[in-house]
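Chain by chain, the residues run as shown.
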Amino acid sequence: MPLRREKRLPSNSSRVEFVENKKTNLRASARSFELSTTDIIPIESPQKPGVTSSEVRQVYQPYDFRPEAIKNATDASTRLYTELQTTVFADVHEQKLKLRERKAMYVAKNVLSVVFGWNPYEENYYSGDWMLGPNIFCWQPACNVLNRLQESIPHFKPVKISDIQVLRGLLQEHNSSIRQYNENLRSAVKVGMVRPLEACKVGVREFKKRFLPIAVSNETGK
């Protein structure tokens with residue numbers, strides 16, 4: 001009678017090595033996710049945990065509303081989402097994850113499914129709804145341009161003349177960003193891609209709330 005071969009269980013060291021490899025893989029993916037977010041959506045750099053003023057000054061830019069930039073962000077998000085699904089989370093058993101690990105997994109999936117954002121709609125290039133302008137929730141990137149600028153300004157505190165010039169250039173870049181956003185809306189109107197009249201009125205109202213000093217007192221805000 002042939003001897004039965006005992007099923008060999010992995011040693012403790014093998015188990016530890018496997019766990020460490022998985023952790024390394026997850027950390028690498030998290031790092032890739034973090035870098036991709038900063039590269040593709042540099043306006044979010046001030047919100048990066050532990051970010052320094054030097055990093056913000058090197059990376060920060062206003063939201064790029066050019067159609068090709070929105071397309072690049074959508075494609076990059078899709079690639080990273082696919083990578084997470086096929087290589088990182090493919091053999092992960094959710095029930096074995098700790099609560100925070102499971103939360104991190106779902107956050108990564110959801111953020112990438114909506115193009116590096118928290119908004120459920122209107123940032124995916126291929127849907128085309130990024131051309132429609134603000135809605136009643138005003139959750140579009142254009143609605144947060146001023147907030148992001150306010151977050152970044154402390155990192156650009158000037159100490160010499162050249163710093164003033166950098167700050168001036170930053171404001172001019174924001175001006176160009178908003179002008180491109182307006183151009184996107186005009187392009188949409190030309191092809192008949194618009195919201196219903198009441199939705200447009202509400203969107204304008206909510207947008208003005210986000211930029212109230214400017215809406216009330218012109219570009220000086222005074």
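Data block above holds the structure.
A few points on the structure. These numbers come from a predicted model, not from an experiment.

1. Side note on helix H5 (residues 145-152)
Each turn of an α-helix holds 3.6 residues, which means side chains three or four residues apart point in the same direction.
In step 1: Looking at H5, one finds that the buried residues are Val145, Arg148, Leu149 and Ser152. Down the axis of H5, the buried side of the element spans an arc of 100 degrees, and every buried residue falls inside it.
In step 2: Those residues of H5 that are buried are in contact with helix H6 (161-190).

2. Regarding helix H4 (residues 99-113)
In step 1: In this model H4 runs 21 Å from its N-terminal to its C-terminal C-alpha over 15 residues, within 8% of the 21 Å that 1.5 Å per residue would give.
In step 2: At the exit of H4 stands Val115, carrying a positive phi of roughly 60 degrees.

3. Considerations on the packing of helix H3 (residues 67-88) against H4
In step 1: At a minimum axis distance of 9 Å, the contact between H3 and H4 shows a crossing angle of 150 degrees. The orientation of H3 with respect to H4, classified from their angle, is roughly antiparallel. In terms of crossing hand, the pair formed by H3 and H4 is left-handed. Listed contacts from H4 to Ser77, Leu80, Tyr81, Leu84 and Gln85 of H3 are Ala108, Lys109, Leu112 and Ser113.

Calculation rules
Residues numbered from 1 in each chain as written. Predicted model: local features only at pLDDT ≥ 70, side-chain atom pairs only at ≥ 80, totals over all residues. Heavy atoms only, no water. Buried < 20%, exposed > 50% of the residue type's maximum accessible area, 1.4 Å probe, protein only. Helix = DSSP H or I, 4+ residues; strand = E, 2+ residues; numbered from the N terminus. Arc of directions from axis to C-beta. Contact = heavy atoms within 4.5 Å. Expected span 1.5 Å × (residues − 1). Axes fitted to C-alpha atoms, helices over the stretch in contact; angles between N-to-C directions. Parallel < 35°, antiparallel > 145°, perpendicular 65-115°, else oblique. Left-handed = near helix turned anticlockwise from the far one by under 90°.

Nothing here speaks to function; it is geometry throughout.
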